Amino acid sequence: MNNVIWIPAPRGITGDLESWVDYMDAQYPAPNIDGIYLMEYEDGKRVGYRYKGIHPQFGNKWWQRVKEKIVESYFRRRIHSAVLGETDSVLTGMTQLLDSEIMNSIERLADEGFEDEILADYAHQMSKNK
């Protein structure tokens, strides 16, 4: 499956920092170190804050603004290459593999050790039900 990693995303903005700190204290009174805490806005955008512990200089909670970065798994890169015909595979041309539900299912099967022929058959059967 695709992995999400969190990378620093400083904004460098100024504003009512005290209110923001109060909000974070109220929402997350006992955060876990390196925990990611999400805020979702009305427009669907999300921003995360990583709790880094107690700030060594100031003695208060230390938060780092972060953003999501999707990292495609090796499996998904291999499947995309196979579908496009870049590798010699029975999966070549099977565009139904690009459907996220089918992709998630065959990825789990591949993790269990099933070969491409079984994955192709499974994907074909799944696509008939859509």
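We now turn to the structure provided with this report. (Residues numbered from 1 in each chain as written. Predicted model: local features only at pLDDT ≥ 70, side-chain atom pairs only at ≥ 80, totals over all residues. Heavy atoms only, no water.)

### A few points about the nonpolar core
- Counting residues in hydrophobic clusters, the biggest one holds 16 residues, and the most contacted among them are Phe75, Ile79, Leu91, Leu97 and Ile106.
- With five residues, the top contributor of residues to this core is helix α3 (residues 100-111).
- Non-local contacts of Ile79, meaning those with residues more than four positions away in its chain, are made with Leu91, Leu97, Met103 and Ile106.
- With eight residues, the next largest nonpolar core counts Tyr28, Tyr37, Met39 and Tyr51 among its residues. (Core = buried A, V, L, I, M, F, W, Y, C linked by side-chain atoms within 4.5 Å. Buried < 20%, exposed > 50% of the residue type's maximum accessible area, 1.4 Å probe, protein only. Helix = DSSP H or I, 4+ residues; strand = E, 2+ residues; numbered from the N terminus. Contact = heavy atoms within 4.5 Å.)

### Brief notes about the pattern of salt bridges
- Evaluation of the coordinates by the stated rule reveals three salt bridges.
- In this structure, the salt-bridge partner of Arg76 is Glu107, at a minimum N-O distance of 3.2 Å. Of this pair, Arg76 sits in helix α2 (residues 74-83) while Glu107 sits in helix α3; the two residues are 31 residues apart in sequence, bridging distant segments of the chain.
- Its relative accessible area of 10% is what places Arg76 among the buried residues.
- For Arg78, the salt bridge goes to Asp116, with nearest N and O atoms at 3.2 Å. Pair noted here: Arg78 is in helix α2 and Asp116 is in helix α4 (residues 116-128), with a separation of 38 residues, a long-range link.
- According to the relative accessible area criterion, Asp116 is buried, its value standing at 17%. (Salt bridge = Lys/Arg side-chain N within 4 Å of Asp/Glu carboxyl O.)

### Some thoughts on the pairing of strand β3 (residues 46-54)
- Of the pairings in the sheet, the one linking strand β2 (residues 36-40) to β3 comprises five bridges and is antiparallel in character. Bridging across to β3, Glu40 finds its partner in Arg46. (Pairing = 2+ DSSP bridges.)

### Quick look at the side chain of Gln64
- As for its placement among the helices and strands, Gln64 is situated in strand β4 (residues 61-71).
- Classification of Gln64 as buried rests on a relative accessible area of 19%.
- The residues contacting Gln64, other than those within four sequence positions of it, are Pro8, Gly48, Tyr49, Arg50 and Lys52.

### Remarks on unusual backbone geometry
- For Asp34, which is not a glycine, the phi torsion comes out positive at approximately 70 degrees.
- On the secondary structure map, Asp34 appears in the loop between α1 (17-27) and β2.

### Some words on the packing of aromatic side chains
- Per the stated rule, a full pass over the model turns up five aromatic pairs.
- Here Tyr28 and Tyr37 contribute two aromatic rings whose centre-to-centre distance is 4.7 Å and whose plane-to-plane angle is 50 degrees, an arrangement assigned as tilted. An identical accessibility class is assigned to Tyr28 and Tyr37; each is buried.
- Here Tyr28 and Trp63 contribute two aromatic rings whose centre-to-centre distance is 6.0 Å and whose plane-to-plane angle is 55 degrees, an arrangement assigned as tilted. One end of the pair, Tyr28, is in the loop between α1 and β2; the other, Trp63, is in strand β4, with 35 residues separating them in the sequence. Each member of the pair, Tyr28 together with Trp63, is buried.
- The cationic tip of Lys52 hangs over the ring face of Trp62; the distance from NZ or CZ to the ring centre is 4.9 Å. (Phe/Tyr/Trp six-rings, centres within 6.5 Å; stacked < 30°, edge-to-face > 60°. Lys NZ or Arg CZ within 6 Å of the ring centre and 35° of its normal.)

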